[in-house]
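Reading the structure
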Number of protein chains: 2
Amino acid sequence: MFELDVRSRRPIYEQLTDKIKELILYGILRSDEQLPSVRTLSAQLTVNPNTIQKAYRELEREGYIYSRPGKGSFVSPAQQGTNAAKRAEVRDELLRLMAEAVYLGFTESEISVLFKQASEQKGEEDQP
Amino acid sequence: MFELDVRSRRPIYEQLTDKIKELILYGILRSDEQLPSVRTLSAQLTVNPNTIQKAYRELEREGYIYSRPGKGSFVSPAQQGTNAAKRAEVRDELLRLMAEAVYLGFTESEISVLFKQASEQKGEEDQP
DNA sequence: TTAACTGTATTATTAATAATAGTACAGTTG
DNA sequence: CAACTGTACTATTATTAATAATACAGTTAA
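Residue indices begin from 1 for each chain and proceed along its sequence in written order. To read the labels, note that chains go from A and ligands from 1, taken in the order they are written. Given that the model is predicted, a residue must reach a pLDDT of at least 70 before its local features are reported, and side-chain atom pairs must reach 80 or more before they are shown or counted; all residues, however, enter totals for whole chains, interfaces and linings. To get the side-chain values, take all heavy atoms of the structure and skip hydrogens and water.

As annotated in an unreviewed UniProt entry, chain A carries the name GntR family transcriptional regulator and is attributed to Paenibacillus rhizophilus.

This part takes up the protein's contact with DNA strand C. Around DNA strand C sit 26 residues in total, of which A:I12, A:N48, A:N50, B:R39 and B:G70 are the nearest. For this purpose, a residue is taken to be near a molecule or strand whenever a single non-hydrogen atom of the residue falls within 4 Å of it. Looking at DNA strand C alone, sugar and phosphate atoms form 61% of those within 4 Å of the protein. Two N or O atoms count as a polar contact when they lie within 3.5 Å, although within protein this holds only if one can serve as hydrogen donor and the other as acceptor, and sequence-adjacent residues are included solely when both atoms are side-chain atoms. A distance of 3.0 Å separates a phosphate oxygen of DNA strand C from a polar atom in the backbone of B:V38. One of the backbone nitrogen or oxygen atoms of B:G70 is found 3.1 Å away from a base oxygen of DNA strand C. Here a helix means four or more residues in a row that DSSP labels H or I, a strand means two or more in a row labelled E, and each is numbered from the N terminus. Going through the elements one at a time, α1 (12–25) and α3 (49–61) of chain A together with α2 (38–45), α3 (49–61), β1 (65–68) and β2 (72–75) of chain B are the ones with two or more residues in the surface near DNA strand C.

Attention now goes to the relation of the copies chain A and chain B. Superposing chain A onto chain B takes a rotation of 180° plus a shift of 0.1 Å along the axis, which leaves an RMSD of 0.1 Å. Both copies are brought into coincidence by an operation consistent with a two-fold rotation axis. By definition in these notes, contact holds between two residues if any of their heavy atoms fall within 4.5 Å. When you check the interface residues of chain A against chain B, 100% turn up at the interface there too, and the contact is symmetric in its surfaces. Least squares is used to superpose the copies, and the fit set is the C-alpha atoms of residues whose pLDDT is at least 70 in both copies.

This part takes up the packing of aromatic side chains. Pairing of aromatic side chains requires ring centres within 6.5 Å, counting the rings of Phe and Tyr and the six-membered ring of Trp. Pairs whose planes differ by under 30 degrees are stacked, by over 60 edge-to-face, and all others tilted. Taken as a whole, this structure holds four aromatic pairs over all chains when the rule is applied. Pairing A:Y66 with A:F74 gives two aromatic rings, centres 5.5 Å apart and planes at 25°, and the pair type is stacked. Put simply, a charge is over a ring when the Lys NZ or the Arg CZ is close to the ring centre, within 6 Å, and near the line of the ring normal, within 35 degrees. Above the plane of the ring of B:Y13 lies B:K54, whose end atom (NZ or CZ) is 4.2 Å from the centre. Sitting above the plane of the A:F106 ring, B:R87 keeps its charged end 4.3 Å from the centroid.

For DNA strand D, the set of nearby residues contains 26 residues, the closest of which are A:R39, B:I12, B:N48, B:N50 and B:K71. Each atom of DNA strand D within 4 Å of the protein belongs either to a base or to sugar and phosphate, the latter forming 63%. Within the backbone of A:G70, a nitrogen or oxygen atom sits 3.1 Å from a base oxygen of DNA strand D. Every element with two or more residues in the surface near DNA strand D is listed here: α2 (38–45), α3, β1 (65–68) and β2 (72–75) of chain A together with α1 (12–25) and α3 of chain B. Here the residues of the surface near DNA strand D sort into seven nonpolar, 12 polar and seven charged. Each residue is assigned to one class: nonpolar for Ala, Val, Leu, Ile, Met, Phe, Trp, Tyr, Cys and Pro, charged for Asp, Glu, Lys and Arg, and polar for all the others, Gly among them.

Moving on, we get to the pattern of salt bridges. What counts as a salt bridge is simple: a side-chain nitrogen of Lys or Arg found within 4 Å of a carboxyl oxygen of Asp or Glu. In the structure shown here, the tally under the stated rule is 26 salt bridges over all chains. Across the pair B:D18 and B:R10 runs a salt bridge, and its minimum N-O distance is 2.6 Å. B:E58 is the partner of B:R61 in a salt bridge, and the nearest nitrogen-oxygen pair spans 3.1 Å. Of the two residues, B:R61 and B:E58 both sit in helix α3, three residues apart, roughly one turn of that helix. When salt bridges that share partners are traced, they join A:E22, A:K86, A:E89, A:E93, B:R96 and B:E100 into one network.

What follows is the structure in structure tokens.
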């Protein structure tokens, strides 16, 4: 379900929250869908349960999931399919990066070419 | 000369190397120009000298600067003005980010708008 | 020549924090 | 009741950036 880089500088729990957020925002995890239990995921990823719990706690704090003691953790309906947040995020990053690109003399046509490349890339691997 | 975020997760020495690399690649630091001495910069940034030294050592290892015991540390002529490396780097990042943008439904015209915004931005703050 | 700079090297210590380990408690479900 | 769930807490380990404290040698200018 996930790939983690245990020797990354990014903490494991943070890698986890980000991946799960993406799955939710992209709608891959659906509303009220149950997430793996803390202990199950811990075993799957061979990571300490406390690390998983920390990720889940953070996700709940941010409203991405809700947890019911004794039942499990589930995707929060409010967030599902909300690409808006992700879009804004990507937009900001793009703006920052393009400012640099401008500095380095990138032209608009170069940018267009890059965008086309990115489009083709997606076309190949997606949509079976 | 620099702004550091001492509470960033990015190590200080790494923030330093990156900033200096940029100054060199953008040609702001010229060939054979002398960098601040380890101790001077250490005092200016209120950072331990060893941290500065670590950054300088890394920069020398990567060929950005050369150091002469007793004299100082200087910009390596080979690297000055070499935007090629930086361009390639930014290009890669852009491609990766645009792939995500495509996923999120960004259109080419949206991208163009972003590029224009970035261009204007630069125009304002640069070139007096 | 000497004082005050330079870079370089080394060792030890501190600080911060992610991750682990272990245990406990309570709700849910079959 | 047994086996799951989430939650909470404390303690410990491991990693690593940063600091501290010296020491040595080359350069330079007064």
